[in-house]
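Below, each chain spelled out in residue letters.
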Amino acid sequence: MPLHHAVLALLTRRPNHGYELKARFEEAVGPQWGGLNIGHLYQILERLVRDGYVSRSQVTQTDRPDKNLYTLTEAGEAELRSWATTPWVRVGGFRDELFLKLLGAVALGPQALAALIESQRQTYLSELAGLSRQRRAHADEPLVAVLIDAAIAHTKADLGLLDSAAQHLGPLATAQSAQAPERSASGARDDADEAPRGRAG
């Protein structure tokens, strides 16, 4: 539950209420991660309180409604330390829609494959240009800069994947295209076979 642990990390410095945590999270990770939904954040805080990792107290305010203040407990710090010092292991595989698009383009033949690869290449190059601008804008924010560097590295790797796809899938797409007339002819023969029976009825 990475977001749960990120909240614990933010609470190591000082207690916070919900909207402060939201703002601090978004400032810490920068634009690449995206915003944190406040409703989801409060669900996370409720679970952390229930698990004993965070305590909640109410702060009275004279000019506005009372607010809840969340404080990291000793159990929460121990949980954070355990999580933050162990390696991350990918468990979900690589479920990237691009691979499904490659499947579809190969089935349609070499022209479709080439069109997909070229359009995807232009998309990645555009993403790289945007990431480079973000990297310059956040050069003085180390954590944000590392996240942007990771996005740049992933995008460059994706560009390399397109070259691999063109090399390895091109022959397969050509073979699929060569089989297409056979399938069409077979379908036409089937239709012709069915037609007399249909008229006889």
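This text follows the structure it describes.
Every value quoted in this text rests on a predicted model; they were computed, and no experiment measured them. (Residues numbered from 1 in each chain as written. Predicted model: local features only at pLDDT ≥ 70, side-chain atom pairs only at ≥ 80, totals over all residues. Heavy atoms only, no water.)

**Some thoughts on the overall build of the protein chain**
Within the protein chain one finds seven helices and two strands. In the protein chain, the succession of α and β elements from N to C terminus is α-α-α-β-β-α-α-α-α. Counting every position in the protein chain, which comprises 201 residues, the buried fraction comes to 26%. A fraction of 57% describes how many contacts in the protein chain between residues 6 or more apart in sequence connect residues 24 or more apart. As displayed, the protein chain offers around 13200 Å² of accessible surface, 55% of which is attributable to carbon and sulfur atoms. (Helix = DSSP H or I, 4+ residues; strand = E, 2+ residues; numbered from the N terminus. Buried < 20%, exposed > 50% of the residue type's maximum accessible area, 1.4 Å probe, protein only. Contact = heavy atoms within 4.5 Å. Areas by Shrake-Rupley, 256 points an atom, 1.4 Å probe, with all protein chains shown as cover.)

**Observations regarding the side chain of H5**
Note on placement: H5 falls in helix α1 (residues 2-10). Setting aside chain neighbours within four positions, we find H5 in contact with E79, L80 and W83.

**A look at the pattern of salt bridges**
One pass over the full model with this rule turns up eight salt bridges. The partner of R121 in a salt bridge is E118, with the nearest N and O atoms 3.9 Å apart. Residue R121 and its partner E118 are located together in helix α6 (residues 110-137), separated by three residues, close to a single helical turn. Across the salt bridge formed by R121 and D163, the nearest N and O atoms sit 3.2 Å from each other. Linking R121 in helix α6 with D163 in helix α7 (residues 142-200), this pair joins segments that are 42 residues apart in sequence. Note on D163: relative accessible area 45%, which makes it partly exposed. (Salt bridge = Lys/Arg side-chain N within 4 Å of Asp/Glu carboxyl O.)

**A look at the environment of A175**
Residue position: A175 is located in helix α7. In this structure, the C-alpha to C-alpha distance between A175 and V106, residues 69 residues apart in sequence, is 9.2 Å.

**Quick notes on the packing of aromatic side chains**
By the definition in use, this model includes one aromatic pair. Taking the centre distance of 6.5 Å and the plane angle of 70° together, the rings of Y19 and Y42 count as edge-to-face. With a gap of 23 residues between them, Y19 in helix α2 (residues 18-29) and Y42 in helix α3 (residues 38-50) connect regions that are remote in the sequence. The class for Y19 is exposed, based on a relative accessible area of 52%. For Y42, a relative accessible area of 30% gives the class partly exposed. (Phe/Tyr/Trp six-rings, centres within 6.5 Å; stacked < 30°, edge-to-face > 60°.)

**Thoughts on the packing of α1 against helix α4 (residues 74-84)**
Taken N-terminus to C-terminus, the directions of α1 and α4 make an angle of 120°; their axes are 10 Å apart at the nearest point. Accordingly, the angle class assigned to the pair α1 and α4 is oblique. At the point where α1 passes α4, the crossing takes the left-handed sense. Only G76, E79, L80 and W83 of α4 make contact with α1, whose side of the interface consists of P2, H5, L8 and A9. (Axes fitted to C-alpha atoms, helices over the stretch in contact; angles between N-to-C directions. Parallel < 35°, antiparallel > 145°, perpendicular 65-115°, else oblique. Left-handed = near helix turned anticlockwise from the far one by under 90°.)

**Observations concerning the nonpolar core**
Of all hydrophobic cores here, the largest spans 19 residues; its most connected members are V7, L8, L11, L21, F25 and L48. Mapped onto this core, the elements with two or more residues apiece are α1, α2, α3 and β2 (67-72). With five residues, the single largest contributor to this core is α1. With residues up to four places along the chain from it excluded, the contact list for L48 reads H4, V7, L8, Y53 and V54. If you look at the next biggest cluster of nonpolar residues, it comprises 18 residues, including A105, L116, Y124 and V144. (Core = buried A, V, L, I, M, F, W, Y, C linked by side-chain atoms within 4.5 Å.)

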